[in-house]
Amino acid sequence: MRHSEFWDRLEHHLGDGYAGVWAEQFVIGDLGHRTVKEALAAGMTPKQVWAAVWPALELPATER
């Protein structure tokens with residue numbers, strides 16, 4: 001998964017305006033108690049981050 005696909009997915013589910021705010025403020029335990037932006041900046045791949053975002057947002061299996 002590319003960064004652009006990751007952000008497209010997040011914006012699809014949270015909206016253009018809120019996705020960035022959520023990624024900057026919401027801490028996810030599966031990301032080492034980091035936010036999405038912190039995890040990506042630390043070198044985690046978008047695929048790894050999405051694997052943690054998916055259950056945090058309680059998305060359906062089709063969005064995995």
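A quick note: this is a predicted structure, and the numbers were derived from the prediction, not measured.

Asks: Would you mind showing me how to read the overall build of the protein chain here?
Replies: Within the protein chain one finds four helices and two strands. Of the regular secondary structure in the protein chain, the N- to C-terminal order runs α-α-β-β-α-α. Against the compact-globule benchmark of 11 Å for 64 residues, the protein chain has a radius of gyration of 10 Å, which places it among compact chains. Taking the principal axes of the C-alpha coordinates as reference, the protein chain spans close to 25 × 25 × 20 Å. Per-residue burial over the protein chain gives 30% buried out of 64 residues. Here the protein chain has roughly 4,000 Å² of accessible surface; of this, 49% comes from carbon and sulfur atoms. With 6 positive and 9 negative side-chain charges, the protein chain shows a spacing of 8 Å between the two charge centroids.

Asks: Where do I start with helix α4 (residues 46-56) in this structure?
Replies: Along an α-helix, a turn takes 3.6 residues, which lines up residues three or four apart on a common side. Listed in full, the buried residues belonging to α4 are Pro46, Val49, Trp50, Ala52, Val53 and Trp54. Tucked inside the fold, the buried residues of α4 contact α1 (3-14), α2 (16-25), β1 (27-28) and α3 (36-41). Glutamate 58 lies just past α4 and shows a positive phi near 55°.

Asks: Hey, could you run me through the environment of valine 21 in this one?
Replies: Its location among the elements puts valine 21 in helix α2. By relative accessible area, valine 21 is classed as partly exposed at 34%. Considering only alpha carbons, one finds valine 21 and lysine 37, 16 residues apart in sequence, at a separation of 9.8 Å.

Asks: Sorry, what's going on with the nonpolar core here?
Replies: Considering soluble globular proteins, one finds that nonpolar side chains tend to be buried as a cluster. Core analysis: the largest hydrophobic core is formed by 17 residues, its most contacted members being Phe6, Leu10, Leu31, Val36, Val49 and Val53. Elements supplying a minimum of two residues to this core: α1, α2, α3 and α4. With five residues, the single largest contributor to this core is α4. The contacts of valine 49, once residues within four sequence positions are left out, are Phe6, Leu31, Val36, Ala39, Leu40 and Met44.

Asks: Quick question: what am I supposed to make of the packing of α1 against α4 here?
Replies: Helix packing for two helices is described by the angle between their axes and how far apart those axes are. Where α1 meets α4, the closest approach of the two axes is 9 Å, and the angle between their N-to-C directions is 20°. Classified by the interaxial angle, the pair formed by α1 and α4 is roughly parallel. For the pair α1 and α4, the sense of crossing is left-handed. In contact with His3, Phe6, Arg9, Leu10 and His13 of α1, α4 contributes Pro46, Val49, Trp50 and Val53. Class assignment of the residues belonging to the contact of α1 with α4 gives a composition of six nonpolar, two polar and one charged.

Cut-offs applied
Residues numbered from 1 in each chain as written. Predicted model: local features only at pLDDT ≥ 70, side-chain atom pairs only at ≥ 80, totals over all residues. Heavy atoms only, no water. Helix = DSSP H or I, 4+ residues; strand = E, 2+ residues; numbered from the N terminus. Rg over C-alpha atoms; globule rule 2.2 N^0.38 Å. Buried < 20%, exposed > 50% of the residue type's maximum accessible area, 1.4 Å probe, protein only. Areas by Shrake-Rupley, 256 points an atom, 1.4 Å probe, with all protein chains shown as cover. Lys, Arg positive; Asp, Glu negative; His and termini not counted. Charge placed at Lys NZ, Arg CZ, Asp CG, Glu CD. Contact = heavy atoms within 4.5 Å. Core = buried A, V, L, I, M, F, W, Y, C linked by side-chain atoms within 4.5 Å. Axes fitted to C-alpha atoms, helices over the stretch in contact; angles between N-to-C directions. Parallel < 35°, antiparallel > 145°, perpendicular 65-115°, else oblique. Left-handed = near helix turned anticlockwise from the far one by under 90°. Nonpolar A, V, L, I, M, F, W, Y, C, P; charged D, E, K, R; others polar.

Geometry only, nothing functional implied.
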